[in-house]
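Chains, contacts and geometry: an overview
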Amino acid sequence: IGRYLGDRWAREVVEFESAMNSYPEVMECWAMSGGYDYLLRVVTPDLDGYNHFLRTRLLSLSCVDHVETGFALERVVDRTALPLQHLAYRQVSESR
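Bear in mind that the values here come from a model prediction, so they are computed numbers and not experimental data.

**A closer look at the packing of aromatic side chains**
Under the definition given, this model contains three aromatic pairs. Plain terms: the ring middles of Phe-16 and Tyr-38 are 4.6 Å apart, the flat faces sit at 40 degrees to each other, and that makes the pair tilted. A residue pair is termed long-range when its members are at least 10 positions apart, and Phe-16 in helix α1 (residues 9-22) and Tyr-38 in strand β3 (residues 38-42) qualify at 22 residues. The same class applies to Phe-16 as to Tyr-38, namely buried. For the ring pair Tyr-50 and Phe-71, a centre distance of 5.4 Å and an interplane angle of 75 degrees mean the geometry is edge-to-face. A residue pair is termed long-range when its members are at least 10 positions apart, and Tyr-50 in helix α2 (residues 47-58) and Phe-71 in the loop between β4 (64-68) and α3 (85-95) qualify at 21 residues. The exposure class assigned to Tyr-50 is buried, which follows from its relative accessible area of 9%.

Dropping the structure here:
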């Protein structure tokens, strides 16, 4: 979910972040740069549950002007190991 804040920024940040912390459906909430202000990862049992979350929680907040929703279709890459080998090579190359 991408989320845009309105013009009353400071007060809305507190309201929005507090609400996101209280909703068990919100697994992650990221403050973003660029097109929208927040990115949420929300987990619900099904589309009806998501619709209920969207209508009764997110869209009921006075600080929410606009919501964009997207759904993951397929996991293409999911790495957990950090690719640190290239950093070690870079440090050796720079020290020469």
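**Some words on the pairing of β3**
Along β3, the buried face is formed by Tyr-38, Leu-40 and Val-42; none of Leu-39 and Arg-41, which line the opposite face, is buried. Note that strand β2 (residues 26-31) and β3 share five bridges and pair antiparallel. When the sheet's bridge partners are listed, Val-26 is paired in β3 with Val-42. A loop of six residues connects β2 with β3, the two strands running antiparallel in sequence, and Gly-34 in this loop sits at a positive phi of about 100 degrees.

**Description of the pattern of salt bridges**
Side chains bearing opposite charge may pair, as long as their charged atoms lie close to each other. Under the defined criterion, the tally for this structure stands at three salt bridges. The partner of Arg-57 in a salt bridge is Glu-25, with the nearest N and O atoms 3.2 Å apart. Taken together, the residues Arg-57 in helix α2 and Glu-25 in the loop between α1 and β2 connect sequence positions 32 residues apart. Here Arg-75 ties to Asp-78 by a salt bridge, and the two come within 3.2 Å at their closest N and O atoms. Taken as a pair, Arg-75 and Asp-78 share a single burial class, namely exposed.

**Some points on the side chain of Glu-25**
Glu-25 gets classed as buried once you look at its relative accessible area, which sits at 16%. One polar contact links Glu-25 to Arg-57, side chain to side chain, over a distance of 3.2 Å. Here Glu-25 is in contact with Arg-41, Val-42, Val-43, Thr-44, Phe-53 and Arg-57, once residues within four sequence places are set aside.

About the criteria used
- In this numbering scheme, every chain counts its residues from 1 along its sequence in written order.
- The predicted nature of this model means local features are confined to residues of pLDDT at least 70 and side-chain atom pairs, given and counted, to a pLDDT of 80 or more, with totals for whole chains, interfaces and linings taken over all residues.
- Just so you know, side-chain values use all the structure's heavy atoms and leave hydrogens and water out.
- We call Phe, Tyr and Trp rings a pair once their centres come within 6.5 Å, taking the six-membered ring for Trp, and we label the pair stacked below 30 degrees between planes, edge-to-face above 60, and tilted otherwise.
- Starting at the N terminus, helices and strands are each numbered in turn, a helix being any DSSP run of H or I of at least four residues and a strand any DSSP run of E of at least two.
- A simple rule labels every residue: compare its accessible area, found with a 1.4 Å probe on the protein chains alone, to the largest value its type can have, and call it buried under 20%, exposed over 50%, or partly exposed in between.
- Strands pair, by our definition, only if DSSP identifies at least two bridges between them.
- Here a salt bridge means any side-chain nitrogen of Lys or Arg lying within 4 Å of a carboxyl oxygen belonging to Asp or Glu.
- Here a polar contact is recorded for every N or O atom pair within 3.5 Å, except that within protein the pair must consist of a potential hydrogen donor and a potential acceptor, and residues adjacent in sequence are included only if both atoms are side-chain atoms.
- Contact criterion: two residues are considered in contact whenever any of their non-hydrogen atoms come within 4.5 Å of each other.

It is worth stressing that arrangement in space is one thing and function is another; only the former is reported here.
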